[in-house]
Amino acid sequence: MEDCTFCKIIKGEIPSNKVYEDDEILAFKDINPLAPVHILVIPKKHISSTDDLEENDEKLVGKIFTVLKNLAKENGLKNGYRIVNNCGKDGGQEVKHLHFHLLGGRKLEIKV
Ligand code: AMP
Ligand code: ZN
């Protein structure tokens, strides 16, 4: 996707602070952190949102959750953390490339 910020990050066209990478997944620090730990985990394949997931993406999403769990541990989030996925306009999705926010490092308030 030519106009996708996260695809540009994957291609190295936009700099990012990477914390994990494999052949299918990339994780990097959010540019505007809302908590002491705020990491975004994304598939390297462009998928616009949760709404665009297909059956053959099930394994990839499962792997993303393993990466999220491992990053939580590596970042010392032993008291817990939050994983957020915003989907579409009402969900508050700004970047149209599937991503999961890993948030932690303080007690998070409940907000909708
Ligand atoms: P969402 O509202 O769920 O689409 O979240 C998009 C997130 O991407 C926001 O938390 C932004 O701060 C973050 N973001 C946007 N551009 C960049 C970038 N170039 N590097 C890192 N994070 C970014
Ligand atoms: Zn993309």
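That block above? That's the structure.
Residues numbered from 1 in each chain as written. Chains lettered and ligands numbered in written order. Predicted model: local features only at pLDDT ≥ 70, side-chain atom pairs only at ≥ 80, totals over all residues. Heavy atoms only, no water.

> Which parts of the structure should I look at to understand the site of ligand 1?
Neighbouring ligand 1 are 15 residues; Asp-30, Asn-86, Glu-94, His-99 and His-101 lie closest to it. Note that a nitrogen atom of ligand 1 is positioned 3.1 Å from one of the backbone N or O atoms of Ile-31. One nitrogen or oxygen atom from the main chain of Gly-92 is found 3.0 Å from an oxygen atom belonging to ligand 1. Expressed as a share of its isolated accessible area of 510 Å², the protein-covered part of ligand 1 is 84%. Of all elements in the fold, only α1 (5-11) and β2 (25-29) reach the threshold of two or more residues within the shell around ligand 1. Here the residues of the shell around ligand 1 are counted per class, giving six nonpolar, six polar and three charged. (Near = heavy atom within 4 Å. Polar contact = N/O pair within 3.5 Å; in protein donor to acceptor, adjacent residues only side chain to side chain. Areas by Shrake-Rupley, 256 points an atom, 1.4 Å probe, with all protein chains shown as cover. Helix = DSSP H or I, 4+ residues; strand = E, 2+ residues; numbered from the N terminus. Nonpolar A, V, L, I, M, F, W, Y, C, P; charged D, E, K, R; others polar.)

> Would you mind showing me how to read the environment of Asp-23 here?
Counting through the fold element by element, Asp-23 comes out in the loop between β1 (18-21) and β2. Given a relative accessible area of 64%, Asp-23 falls into the exposed group. Through-space distance from the C-alpha of Asp-23 to that of His-38 is 22 Å; in sequence the pair is 15 residues apart. In contact with Asp-23, not counting residues within four places along its chain, are Lys-44 and Lys-63. (Buried < 20%, exposed > 50% of the residue type's maximum accessible area, 1.4 Å probe, protein only. Contact = heavy atoms within 4.5 Å.)

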